[in-house]
Amino acid sequence: MENKNVLIDEEIDAFDTIVDTSNTSDNVEAVPTRSELRKRNRAIRTSKVLFRAIDMLFSPSQNACPYVTKVNSPTIKRVLDVVYDESDPKICMLDVYRVDSQEAQPAVIIIHGGGFSAGDKKYRKGLAEYFALNGFTVFCVNYGLAPDYIFPAPIKHLVTASNFVYDNAEKFGADRNRIFVCGDSAGGYYASMLAAFNSNDTFGSVFETELKFDLFGALLNCGLYDLETVFQTKYLLDIDDTVLLSFTGIGRKDFDGYKYKDVCMPSKFITAKYPPSFIIYSPRDMFCKGQGVAMIDRLTEAGVYCESYAARHNASNHCFSLTWRGEDAVAANELMMSFAKRLAGSRIKL
């Protein structure tokens, strides 16, 4: 644990350099003062260190999937650090997990969370192995993180990654016609945004990128989907504002003038074309309270097939299912897998 703390301390020191996002093409604010830049820098640094610490603290439990044993673990083939975009090879990498099969398997693209500023595909190894053992070819994806990459740069990374999966499906033994997207927390946001590409023609022109295919299903875990709900909810340590800074490069008070204000929330772009979805959420979520219910309501209004699981115990908070232990985690993961397998096997009547 000491080495991990040293890494965090080094990140704090490195982050003392002012991060000036005012010159990026994705930020149309007036040039901020040096004082404002320092405040932004501290806020984003706080968010980054917080979520990095959460990953380190929970990494052992997240990757200790109880369904992976000494007997079945060797059956999982792993191909790590596959570059999906040569223009940014240090960031744009994914890991592939699968077991041997004579038939093309349904695919799952897993997008990790981390408050838009932290996280890594390695922290979702347990989840990837769980899907692999259940007959899926899994692609665990990295993407650009704040402050170096702000919206919509990560979306472009993830569209590129998804198109890479589609183009190379046969190579990895996957069925390009049955590709799911799965994400938690910030990854849940990005997964829901990818799914929204199914629903509208706006994103392609605004983000200057297109998905080559329609996603088959969406598995969303404690994500951020509806910004209006965020603005109406009080969160611990005002984490909503620091996460918003990490996400967009601007604060809440400047959001009305944000270039991408009208296209950055997936809940506004849900139509009947949105893929069938499974939603995991906690009513007590310290980071995304109210988001799951708002998303389910929107999907229902649009006539999208949706199943969900809400945590029942007070101890089950943000992304509770990733730690695998406890009644809520077991139920959420098994119901999510049941949904994915039934949908992939055409056993859900849409």
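An account of the accompanying structure is given in this report. (Residues numbered from 1 in each chain as written. Predicted model: local features only at pLDDT ≥ 70, side-chain atom pairs only at ≥ 80, totals over all residues. Heavy atoms only, no water.)

**Quick notes on the side chain of Asp-184**
Then comes step 1: Locating Asp-184 in the fold gives a position in strand β5 (residues 174–184).
Then comes step 2: Within the structure, the side chain of Asp-184 is placed 2.8 Å from the side chain of Arg-124, a separation counted as a polar contact.
Then comes step 3: Once residues within four sequence positions are removed from consideration, Asp-184 is found in contact with Ile-111, His-112, Gly-113, Arg-124, Asn-221, Cys-319 and Leu-322. (Helix = DSSP H or I, 4+ residues; strand = E, 2+ residues; numbered from the N terminus. Polar contact = N/O pair within 3.5 Å; in protein donor to acceptor, adjacent residues only side chain to side chain. Contact = heavy atoms within 4.5 Å.)

**Focus on empty space enclosed by the protein**
Over the atoms a probe the size of a water molecule is rolled, and this reveals where empty space is left.
Then comes step 1: Under the criterion given, the structure shown has two cavities of 30 Å³ or more.
Then comes step 2: By volume, the second largest cavity is sized at about 70 Å³.
Then comes step 3: Mapped onto the lining of the second largest cavity, the elements with two or more residues apiece are β5, β6 (217–221) and α10 (327–344).
Then comes step 4: Looking at which element gives the most residues to the lining of the second largest cavity, the answer is β5, with three residues.
Then comes step 5: The residue makeup of the lining of the second largest cavity, split by class, is six nonpolar, four polar and one charged. (1 Å grid on protein atoms, 1.4 Å probe; cavity = no way out; pocket = protein on both sides within 12 Å on 5 of 7 lines; lining within 4 Å. Points joined across faces, edges and corners; volume = space filled by probe spheres on them. Nonpolar A, V, L, I, M, F, W, Y, C, P; charged D, E, K, R; others polar.)

**Here we look at the layout of surface pockets**
Then comes step 1: Approximately 460 Å³ is the volume attributed to the largest pocket.
Then comes step 2: Contributing to the lining of the largest pocket are 28 residues, with Ile-54, Phe-58, His-318, Cys-319 and Phe-320 lying nearest its centre.
Then comes step 3: Secondary-structure elements contributing two or more residues to the lining of the largest pocket are α2 (34–63) and α10.
Then comes step 4: Among the elements that take part in the lining of the largest pocket, α2 stands out by supplying six residues, more than any other.

**Observations concerning the packing of helix α4 (residues 153–167) against helix α5 (residues 186–196)**
Then comes step 1: Between α4 and α5, the least distance of the axes is 10 Å, while the angle of their chain directions is 65°. Pair α4 / α5 crosses with right-handed handedness. Of α5, the residues touching α4 (which contributes Pro-154, Ile-155, Leu-158, Val-159 and Ser-162) are Tyr-190, Met-193 and Leu-194.
Then comes step 2: Along the lines of polarity and charge, the residues of the contact of α4 with α5 split into seven nonpolar, one polar and no charged. (Axes fitted to C-alpha atoms, helices over the stretch in contact; angles between N-to-C directions. Left-handed = near helix turned anticlockwise from the far one by under 90°.)

**Re the environment of Arg-347**
Then comes step 1: Tracing the chain through its elements places Arg-347 in the segment after α10.
Then comes step 2: According to the relative accessible area criterion, Arg-347 is exposed, its value standing at 56%.
Then comes step 3: Excluding anything up to four places from it in sequence, Arg-347 contacts Lys-341 and Arg-342. (Buried < 20%, exposed > 50% of the residue type's maximum accessible area, 1.4 Å probe, protein only.)

**What to know about helix α3 (residues 125–133)**
Then comes step 1: Along α3, seven of the nine residues are buried, which leaves the element largely enclosed by surrounding structure.
Then comes step 2: The complete set of buried residues in α3 reads Gly-126, Leu-127, Ala-128, Glu-129, Tyr-130, Phe-131 and Ala-132.
Then comes step 3: Backbone geometry just downstream of α3 places Gly-135 in the positive-phi region, at approximately 90°.

**Looking at the pattern of salt bridges**
Then comes step 1: Counted by the stated rule, this structure contains eleven salt bridges.
Then comes step 2: Asp-175 is the partner of Arg-178 in a salt bridge, and the nearest nitrogen-oxygen pair spans 2.8 Å. Grouping residues by exposure puts Arg-178 and Asp-175 together as buried.
Then comes step 3: Residues participating in the shared-partner salt-bridge network are Arg-78, Lys-125 and Glu-129. (Salt bridge = Lys/Arg side-chain N within 4 Å of Asp/Glu carboxyl O.)

**Quick look at the side chain of Asp-95**
Then comes step 1: Within the element layout of this structure, Asp-95 appears in strand β2 (residues 93–99).
Then comes step 2: A relative accessible area of 4% means that Asp-95 is categorised as buried.
Then comes step 3: For Asp-95, the side chain forms a polar contact with the main-chain nitrogen of Asp-81, separated by 2.7 Å.
Then comes step 4: A distance of 2.9 Å separates polar atoms of two side chains, one belonging to Asp-95 and the other to Lys-121.
Then comes step 5: Non-local contacts of Asp-95, meaning those with residues more than four positions away in its chain, are made with Val-79, Leu-80, Asp-81, Lys-121, Val-138, Phe-139 and Cys-140.

**Digging into the nonpolar core**
Then comes step 1: Counting residues in hydrophobic clusters, the biggest one holds 70 residues, and the most contacted among them are Phe-151 and Tyr-189.
Then comes step 2: At eight residues, the largest contribution of residues to this core is made by α5.
Then comes step 3: When residues no more than four places from it in sequence are discounted, the contact partners of Tyr-189 are Phe-116, Phe-151, Gly-223, Leu-224, Phe-247, Cys-264, Met-265 and Pro-266.
Then comes step 4: If you look at the next biggest cluster of nonpolar residues, it comprises 35 residues, including Val-138, Cys-140, Cys-182 and Ile-348. (Core = buried A, V, L, I, M, F, W, Y, C linked by side-chain atoms within 4.5 Å.)

**A short note on helix α9 (residues 291–302)**
Then comes step 1: In a regular helix each residue adds 1.5 Å, so twelve residues correspond to 16 Å; α9 covers 17 Å between its end C-alpha atoms and thus fits that length.
Then comes step 2: If you check which residues of α9 are buried, you get Gln-291, Gly-292, Ala-294, Met-295, Ile-296, Leu-299 and Ala-302. (Expected span 1.5 Å × (residues − 1).)

None of this, on its own, says anything about what the molecule does.
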